[in-house]
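# Chains, contacts and geometry: an overview
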Amino acid sequence: MSATFTIPLWVDLASVGVGSLQGALYAAGFRDRRLDLLGVAIIGIATGFGGGILRDVLLARIPLALESDFYLPVATVAALLGMLLERLFRRLGGFLTALDALTIGLFGAFGTTAALATGLPEVPAVFVGALAAVGGSILRDLLLNVPIALMHVGSLYAVAAIAGAVTLVVLRAVGVPVLVAALVCVVVTFAVRVLAVLLHWSLPEQQALRRV
Amino acid sequence: MSATFTIPLWVDLASVGVGSLQGALYAAGFRDRRLDLLGVAIIGIATGFGGGILRDVLLARIPLALESDFYLPVATVAALLGMLLERLFRRLGGFLTALDALTIGLFGAFGTTAALATGLPEVPAVFVGALAAVGGSILRDLLLNVPIALMHVGSLYAVAAIAGAVTLVVLRAVGVPVLVAALVCVVVTFAVRVLAVLLHWSLPEQQALRRV
Amino acid sequence: MSATFTIPLWVDLASVGVGSLQGALYAAGFRDRRLDLLGVAIIGIATGFGGGILRDVLLARIPLALESDFYLPVATVAALLGMLLERLFRRLGGFLTALDALTIGLFGAFGTTAALATGLPEVPAVFVGALAAVGGSILRDLLLNVPIALMHVGSLYAVAAIAGAVTLVVLRAVGVPVLVAALVCVVVTFAVRVLAVLLHWSLPEQQALRRV
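The sections below set out a description of the structure shown in this document. (Residues numbered from 1 in each chain as written. Chains lettered and ligands numbered in written order. Predicted model: local features only at pLDDT ≥ 70, side-chain atom pairs only at ≥ 80, totals over all residues. Heavy atoms only, no water.)

### A word on the relation of the copies chain B and chain A
For the match of chain B to chain A, the screw axis carries a shift of 0.0 Å, the RMSD comes to 0.0 Å, and the turn is 120°. Here the transformation between the copies is reduced to the relation of a three-fold axis. For chain B, the smallest separation between a C-alpha atom and the rotation axis is recorded for Ala60(B), amounting to 3.4 Å. In this assembly, only 11% of the residues forming the interface of chain B have copies in chain A that are likewise at the interface, indicating a heterologous arrangement. (Least-squares fit on C-alpha atoms with pLDDT ≥ 70 in both. Contact = heavy atoms within 4.5 Å.)

In structure tokens, the structure reads:
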């Protein structure tokens, strides 16, 4: 159960870049706030590898993104590009959503296998994997002082990551090799997220039973 | 000084459940926000064992709640029950407040002894213990994007936890066995909290001296 | 590259005190919020050594401020003094800003060298050092539920810390002894911050290119 897999550095950096760029585009929606360039970079960094930092803090180890010189510049540059070329990237809306679905799949697969490799049981491994996938967007919203988007009625962003992580853990438990399980995790996360956006799937809103 | 004590798993899980249920009831006060079911579960998880996670992050170790398969389902189910049966639980208001006072006493006693066992000096052990007790409610408020309730004029929620933790540390310093000290900690926390609610005790509001 | 340097305990405590006092003065601007005395103490603690806690959490070790009995009382007393003697300290505005610039220089130098000593590469060492310097103000704003000041158009608060940390890392890379590099880091941070306040330097606001 303890095998992990390695994402090639360039794939991980590209995923971080996609996250950071998305973060900057999101921050651009708050232009009246007077964020400065550093603020945009911070949002990019938090969105791009905040999930990975939360994952490693919970696993009580130094964040992987701080063990290389590449992550911070990639996140910063991607965020500033996202800010400058906002109009261009807005036109790519659907493509970016698909790319982002792919990156949360990758982060989820990597986070879940890392948690299993550290010796966590299955359920917390799903938690850590899902947090690795979507924790960046939680940090982004905390830093922007806006409600956490993924806790509200929307399009199954975190649910997609959870579905992928659960699939991975189940496949691992029945003996599927880690690379295959990770691949299926990415596909499931991607499919749930993209279908949710296309078909307007969402979770029910909080409500109390009326008869009690 | 380094002895600790073990809370039986079912007591710890029951305490987490009480916290999660309270978190969901609190979140129900923001129904116009359109939290979805996952949002309610996240608030439940954060309130139920967020304090324990902060405790273990500060002690630089993997959170205990992630080393068992039980915590996440208990917190999630308790939060969803709290949401569904809100009207029922609201009628139990006083009973729930008393139960919650008991759980912050338990979390505080466990957190303080864990900090002492890790080798922290007395003052930081009180800090870690109090944070273990009430940190869940801080995380809850951060995630809901509302002011941190326990920082505002109210009913000695954190003060009760601090009073219990100070008592425990003093008793340990004079050689009282850990189980007795922990028990007194729970009693003190419970008493301060419940009396504060009944007698409307609160701390003074922030203010500056006028003559300087 | 792995040498670090030790700030004498009293200098570190004095810096924490300055930060906590500033935090309480900042919180006094939100008097309509009804923060109580504990709330003021929490803001003082978060501002005073929150940056150091973030530094040590990222370096996967128990926070230094929790390994001594002195930090919590110093931060609490400084915050309460800041609250009580607010009018007095407001009159010291410029002096306090200069003192604060000195403390972020010290925290930055200590954080950056600690990160290098832990084995982090240069770029993440700058990140950890800058976060150690200004992370307290981020925690302060998160806990007060207000926008993170340093992400908005202002007076190069975080930029000063980054400039100092970059200088330190470059000087270390070319073989300058750690104490000299740390001293230059403090001077650079201090100079950039104080000049930015005096000359109203700031970073550009976020904006998109219009032609794409």
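Having seen the model, we can carry on.
### Quick word on the side chain of Arg55(A)
Checked against the element boundaries, Arg55(A) lands in helix α2 (residues 37–58). When sequence neighbours within four positions are dropped, the list of residues in contact with Arg55(A) reads Arg61(A), Leu64(A), Phe110(A), Gly111(A), Val128(A) and Ala132(A). (Helix = DSSP H or I, 4+ residues; strand = E, 2+ residues; numbered from the N terminus.)

### Overview of the relation of the copies chain C and chain B
Once turned by 120° and shifted 0.0 Å along the axis, chain C lies on chain B with an RMSD of 0.0 Å. By residue overlap, the copies meet through two different surfaces: only 11% of the interface positions of chain C are interface positions in chain B.

### Let's talk about the interface of chain C and chain B
Contact with chain C, which involves 38 residues of that partner, is made by 35 residues of chain B. Both sides together, the interface formed by chain C and chain B hides about 3200 Å², and carbon and sulfur atoms give 66% of it. Scanning the region where chain C abuts chain B turns up one salt bridge. There are ten residue pairs in polar contact (both at pLDDT 80 or more) connecting chain C and chain B. Broken down by secondary-structure element, the contributors of at least two residues to the side of chain C that touches chain B are α1 (9–28), α2 (37–58), α3 (71–84), α4 (86–91) and α6 (122–144) of chain C. (Buried area = accessible area lost by both parts, 1.4 Å probe. Salt bridge = Lys/Arg side-chain N within 4 Å of Asp/Glu carboxyl O. Polar contact = N/O pair within 3.5 Å; in protein donor to acceptor, adjacent residues only side chain to side chain.)

### A word on the pattern of salt bridges
Here the structure, examined in full by the defined rule, presents 18 salt bridges over all chains. The closest approach of N and O atoms between Arg34(C) and Glu205(B), which form a salt bridge, is 3.1 Å. With one member in each of two chains, Arg34(C) in the loop between α1 and α2 and Glu205(B) in the segment after α8 (178–199) form a pair that bridges those chains. We classify Glu205(B) as partly exposed; its relative accessible area is 24%. Two residues, Asp141(C) and Arg140(C), come together in a salt bridge whose shortest N-O distance is 2.9 Å. Put simply, Arg31(A), Glu86(A) and Arg90(A) are held in one network by salt bridges that share partners. (Buried < 20%, exposed > 50% of the residue type's maximum accessible area, 1.4 Å probe, protein only.)

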